[in-house]
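Spelled out, the chains give:
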Amino acid sequence: MTSSSSDGGEERLPRPPAFGFPAQTWKEIAHLLANLPVGVLGFACAIVWFALGLGLTVTVVGLPLLALGLHGSRLYGAFERRRARALLGVRVDEPSQWRARPGGGFFVWLWSRLRDPVGWRTTLYAIMRLPWAVLTFGITLASLFVAWPVLPWIARGLTNADRAMVRALLSPSDELERRIAELESDRGVVVDTAAADLRRIERDLHDGAQARLVALAMGLGLAKEKVLEDPEAAAAMVGEAHGEVKLALQELRDLARGIHPAVLTDRGLDAALSSVAARCTVPVRVLVDLPERPAPAIEGIAYFTVSELLQNISKHSGARMADVEVWRSEERLLIQVRDDGRGGANPGGGSGLAGLGERLGSVDGLFTVDSPVGGPTAVTAELPWRDRGTAKA
C-alpha cells in the first residue's frame, strides 16, 4: 500500500502487524492450553468411577462399575490419541480392541473387562495428567504475556513431554498387542476373501454348468416327444444333449480345479504346479525342492498364488520364459516366480497382486514384487511352514 507525500513522492506504509509463529507452534500452544480442561475432566471421571467402584466392591455393583469405568477410560484414551495426532503430529498405533468371549456369560465378560491392560494404562494416564496439565497451562499462559519471544521453544519442550506420555501410556503396550491388532485386521481379510470366493463359485455355477444342464433338460424333453414321430430328429437332439453333457462336465471339472484341484490333494505341489505351468501360454520351468509336504492349507495357498501369478504372466507380461521355484528355508515356505517380460508390474495397479499380498498377509506371509520397467520381474512369496501331520486338512 502506498500514499502520496507532500513533496510528490510515494511513501510505503508498513505491513499490518501479525503473529509471527508458524502454524505448528500455534497448534502446540493450543494443545497446552487445552490440557487443563481435558486433564480436569479425565482426572475427575477416573477418580469418581475408581473410588466408587473400589468402595462398592463389597456389593454387587462395585465390580461392574469398575468394568464400565475401564471402558470409559478406553474412550478417553482414543480421544487423547486423536488430539495428539491433530495438534502434535504424534501417530501411535491403536491398541487392540476389547472383545468378549462368545457365549462366556456375564462373569467371563466382567473378568475380561477387569483384566483390560489398555483401560488400566489409560486410567493411570488420566490421573497423572492433572498436575502436569495445571503446570503446562500456567507456564503457557504466563509465557503468552511475559516470555513471548521464547514461547515457541517453551511450547516445544513442554509438548515433547506430552508426546512422550502419549507414546508411553496410550500406545500398544508391547509387540504382542500390536500382533493382536494385526491379526484382527487379517481376520477381516480372510472373511472377505472367503465371501468373494463363494460368490465367484455361485456365479460360475449359475452362469455355466447350471445353464447348460437346464438346456440339456429341455433338449431331452423335446427329444422324448419326438422319439416316436420323428426318430431322426430325436437322435439329433440326443446327440446335441450329449455334447452339452460333455461341456457341463468340463465346466464342473474346471470349477472343482479352481476350488481345490485333485492333483494337488493326490500328488502334491510338484505335480500340481507342473499341471498349471503346462496350461500357461509361456514356457515355464518348475522346480519344487521340498523334503515333505506342508499342511494342506499352506499347500493350497501356495498353489493358488503360483496359479494367479502365471495367469498374470500369460495375460500381461509379454514374456518368452518363466521360472517357478518352491523350497523350504527353516520354518518358511518360499516361492519365487520370475519372467523375462516387459516388467512394470505394480501391486497397486489392479493386476491382482494387491489381493495376493492381502491373502498371504492374512496367514502371516510376505509378498514382494521386483519389476522394473523393461523387466525382468521377480515375485517372491513367503508362507509359514506347518507340518502336514500336525494340521487338519
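Everything below is about the structure printed above this text.
What you see is a predicted model; the values in this text were computed from it and never measured.

Thresholds, definitions, all that
Residues numbered from 1 in each chain as written. Predicted model: local features only at pLDDT ≥ 70, side-chain atom pairs only at ≥ 80, totals over all residues. Heavy atoms only, no water. Helix = DSSP H or I, 4+ residues; strand = E, 2+ residues; numbered from the N terminus. Buried < 20%, exposed > 50% of the residue type's maximum accessible area, 1.4 Å probe, protein only. Contact = heavy atoms within 4.5 Å. Areas by Shrake-Rupley, 256 points an atom, 1.4 Å probe, with all protein chains shown as cover. Core = buried A, V, L, I, M, F, W, Y, C linked by side-chain atoms within 4.5 Å. Expected span 1.5 Å × (residues − 1). Arc of directions from axis to C-beta. Phe/Tyr/Trp six-rings, centres within 6.5 Å; stacked < 30°, edge-to-face > 60°. Pairing = 2+ DSSP bridges. Axes fitted to C-alpha atoms, helices over the stretch in contact; angles between N-to-C directions. Patch = residues over 30% accessible without salt bridge, like charges linked within 9 Å, V, L, I, M, F, W, Y side chains within 5 Å. Salt bridge = Lys/Arg side-chain N within 4 Å of Asp/Glu carboxyl O. Left-handed = near helix turned anticlockwise from the far one by under 90°. Nonpolar A, V, L, I, M, F, W, Y, C, P; charged D, E, K, R; others polar. Bend = angle between axes of the 7 residues up to and from the residue. Lys, Arg positive; Asp, Glu negative; His and termini not counted. Charge placed at Lys NZ, Arg CZ, Asp CG, Glu CD. Parallel < 35°, antiparallel > 145°, perpendicular 65-115°, else oblique.

**Student:** If you had to explain the overall build of the protein chain to someone new, which residues and values would you point to?
**Tutor:** The secondary structure content of the protein chain amounts to 11 helices and 7 strands. Taking all 393 residues of the protein chain together, the buried fraction comes to 35%. In the protein chain, the share of contacts with a sequence separation of at least 24, taken over all contacts with a separation of at least 6, comes to 70%. Carbon together with sulfur atoms contributes 62% to the accessible area of the protein chain, which is approximately 22,900 Å² in total.

**Student:** Give a detailed account of the nonpolar core, specifying residues and quantitative values.
**Tutor:** Formed by 33 residues in total, the largest nonpolar core has its most connected members in Leu273, Leu310, Val324, Val326, Ile335 and Phe367. Those elements giving two or more residues to this core turn out to be α9 (269-279), β3 (284-289), α10 (296-317), β4 (322-329), β5 (332-339), α11 (353-361) and β7 (377-384). Filtering out sequence-adjacent residues up to four positions away, Val324 remains in contact with Leu273, Val284, Arg285, Val286, Leu287, Val306, Leu310, Gln336 and Val337. Formed by 26 residues, the second largest nonpolar core is a distinct cluster that contains Ile29, Trp49, Val92 and Leu170.

**Student:** How would you sum up helix α5 (residues 151-169)? Please name residues and give values.
**Tutor:** Compared with an ideal rise of 1.5 Å per residue, which puts 19 residues at 27 Å, α5 spans 27 Å between its outermost C-alpha atoms and is within 8% of the ideal. Buried within α5 we find Leu151, Pro152, Ala155, Leu158, Thr159, Asp162, Arg163, Met165, Val166 and Leu169. Down the axis of α5, the buried set is contained in an arc of 160 degrees. They therefore lie on one face. In α5, the exposed residues that point more than 90 degrees away from the buried face are Trp153 and Ala168. The secondary structure elements touched by the buried residues of α5 are α1 (23-55), α2 (62-88) and α4 (117-146).

**Student:** Could you give me a rundown of the packing of aromatic side chains, with the residues and numbers involved?
**Tutor:** Going through the model one piece at a time under the given rule, you end up with 6 aromatic pairs. An angle of 55 degrees between the planes, with centres 6.1 Å apart, marks the rings of Trp26 and Trp148 as tilted. Of this pair, Trp26 sits in helix α1 while Trp148 sits in the loop between α4 and α5, and the two are 122 residues apart along the sequence. The class for Trp26 is partly exposed, based on a relative accessible area of 29%. For Trp148, a relative accessible area of 29% puts it in the partly exposed group. Geometrically, the ring pair formed by Tyr303 and Phe304 is edge-to-face, given 5.1 Å between the ring centres and 80 degrees between the ring planes. A connected cluster of aromatic rings, assembled from ring pairs, spans Trp49, Phe50 and Trp120.

**Student:** Summarise the sheet that holds β7; cite the residues concerned and give the values.
**Tutor:** The 5 strands lie next to each other as β3-β4-β5-β7-β6, forming an open sheet whose pairing is mixed. What marks the edges here is a single partner per strand, and that holds for β3 and β6 (366-370). In this sheet, neighbouring strand axes are inclined to one another by 10 degrees on average, regardless of whether the strands run parallel or antiparallel. Direction of pairing for β3 relative to β4: parallel, over a ladder of 6 bridges. Bridging from a neighbouring strand, Val284 pairs with Ala322 of β4. Together, β3, β4, β5, β6 and β7 form the strand contacts of α10, whose direction differs from that of β5 by roughly 10 degrees.

**Student:** So, a nonpolar patch on the surface: which residues are in play, and what are the values?
**Tutor:** A cluster of nonpolar side chains, contributed by Val48, Leu52, Leu56, Val60 and Val61, occupies part of the molecular surface with about 440 Å² of accessible area. Along the chain, Leu52 falls in helix α1. Classification of Leu52 by relative accessible area gives partly exposed; the value is 46%.

**Student:** Explain the packing of α1 against α4 to me, and be specific about the residues and the numbers.
**Tutor:** Remark: α1 packs on α4, axes separated minimally by 7 Å, with the N-to-C direction vectors making an angle of 145 degrees. α4 is crossed by α1, and the crossing has left-handed handedness. Tallied by class, the residues present in the contact of α1 with α4 amount to 20 nonpolar, 7 polar and 1 charged.

**Student:** Talk me through the pairing of β7; I want residue IDs and the actual numbers.
**Tutor:** Successive residues of a regular strand alternate their side chains across the two faces of the sheet. β7 sits mainly inside the fold: 7 of its 8 residues count as buried. When β5 meets β7, the two strands line up antiparallel, connected through 8 bridges. Considered in β7, the bridge of Arg332 is made with Pro384. Between the end of β6 and the start of β7, which pair antiparallel, lie 6 residues, with Gly374 showing a positive phi angle near 100 degrees.

**Student:** I'd like to hear about α4, residue by residue, with values.
**Tutor:** Taking 1.5 Å of rise per residue, the 30 residues of α4 would be expected to cover 44 Å, and the 43 Å separating its terminal C-alpha atoms lies within 8% of that figure. The largest bend along α4 measures about 40 degrees and falls at Arg129, with the proline Pro131 one to four residues further on.

**Student:** Would you mind going over the pairing of β5 in detail, with residue names and values included?
**Tutor:** In terms of burial, β5 is largely enclosed, as 6 of its 8 residues are buried. With antiparallel pairing between neighbouring strands as the criterion, β4 and β5 make up a hairpin whose turn holds 2 residues, including Glu330 at a positive phi of roughly 55 degrees.

**Student:** Run through a negative patch on the surface, naming residues and quoting values.
**Tutor:** Taken together, the side chains of Glu225, Glu229, Asp230 and Glu232 present a region of like negative charge at the surface. Within the secondary structure layout, Glu225 lies in helix α6 (residues 175-226).

**Student:** How would you explain the environment of Arg386 if you had to name every residue and give the values?
**Tutor:** Within the secondary structure, Arg386 sits in the segment after β7. Separated by 93 residues in the primary sequence, Arg386 and Arg293 have C-alpha atoms spaced 9.2 Å apart.

**Student:** I'd like a description of the packing of α1 against α5, backed by residues and values.
**Tutor:** As a packed pair, α1 and α5 sit with axes 9 Å apart at the nearest point and diverge in direction by 60 degrees. Accordingly, the angle class assigned to the pair α1 and α5 is oblique. Here α1 runs over α5; the crossing is left-handed. Between α1 and α5, the contacting residues are Gln24, Thr25, Glu28, Ile29, His31, Leu32 and Asn35 on the first element and Leu151, Pro152, Ala155, Arg156, Leu158, Thr159, Asp162 and Arg163 on the second. Partitioned by chemical class, the residues of the contact of α1 with α5 number 6 nonpolar, 5 polar and 4 charged.

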